[in-house]
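Summary of structural features
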Amino acid sequence: LELRRDKLGAEHPDIGQSLVVLGRAFREEGRLDEADELVQQGIELQRQGLGSQHPELARSLRELAVIAKALGDSSRADEASDEADQICARRECPP
């Protein structure tokens, strides 16, 4: 991650994707609070760099929904899932 930041810059949307991937790995290890923080940071970078309607943002929002649900925050999970669905209704999204 640090190498990518050095090469691309801290605000690059690819750094956002890397944070989301790392967050997913942390979720799979049961490190939910850390996963939540990383995915939220990644989403923010993606919003800034890719815009609010990008399919990759939808994928990241779905990851956030999974984490929020695992943390017992069903309203935040629903919100993230709904936003992802809205993006995918307008754009073709990856599975």
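Reading guide: rules and limits
- Residues numbered from 1 in each chain as written.
- Predicted model: local features only at pLDDT ≥ 70, side-chain atom pairs only at ≥ 80, totals over all residues.
- Heavy atoms only, no water.
- Helix = DSSP H or I, 4+ residues; strand = E, 2+ residues; numbered from the N terminus.
- Rg over C-alpha atoms; globule rule 2.2 N^0.38 Å.
- Buried < 20%, exposed > 50% of the residue type's maximum accessible area, 1.4 Å probe, protein only.
- Contact = heavy atoms within 4.5 Å.
- Areas by Shrake-Rupley, 256 points an atom, 1.4 Å probe, with all protein chains shown as cover.
- Lys, Arg positive; Asp, Glu negative; His and termini not counted.
- Charge placed at Lys NZ, Arg CZ, Asp CG, Glu CD.
- Salt bridge = Lys/Arg side-chain N within 4 Å of Asp/Glu carboxyl O.

With that settled, consider the overall build of the protein. Looking only at helices and strands, one finds five helices and zero strands in the protein. Helices (α) and strands (β) of the protein occur, in sequence order from the N terminus, as α-α-α-α-α. For 95 residues, the compact-globule estimate of 2.2 N^0.38 gives 12 Å, and the protein sits close to it at 13 Å. A principal-axis box enclosing the C-alpha atoms of the protein has dimensions of 35 × 35 × 20 Å. Among the 95 residues that make up the protein, the fraction classed as buried is 34%. Across the protein, the fraction of contacts at a sequence separation of at least 24, relative to all contacts at a separation of at least 6, is 54%. Summed over all atoms, the accessible surface of the protein reaches about 5,600 Å², with 46% contributed by carbon and sulfur. Positive and negative side-chain charges of the protein, numbering 13 and 20 respectively, have mean locations separated by a distance of 5 Å.

The next point concerns the pattern of salt bridges. In this structure the tally under the stated criterion is nine salt bridges. With a shortest N-O distance of 3.1 Å, R31 and E29 are connected by a salt bridge. Linking E56 and R59 is a salt bridge whose minimum nitrogen-to-oxygen distance equals 3.9 Å. Of the two residues, E56 and R59 both sit in helix α4 (residues 55-70), three residues apart, roughly one turn of that helix. With relative accessibility at 21%, the residue E56 sits in the partly exposed group. Residue classification places R59 among the partly exposed positions, given a relative accessible area of 32%. Through salt bridges with shared partners, a single network forms among R24, R27 and E63.

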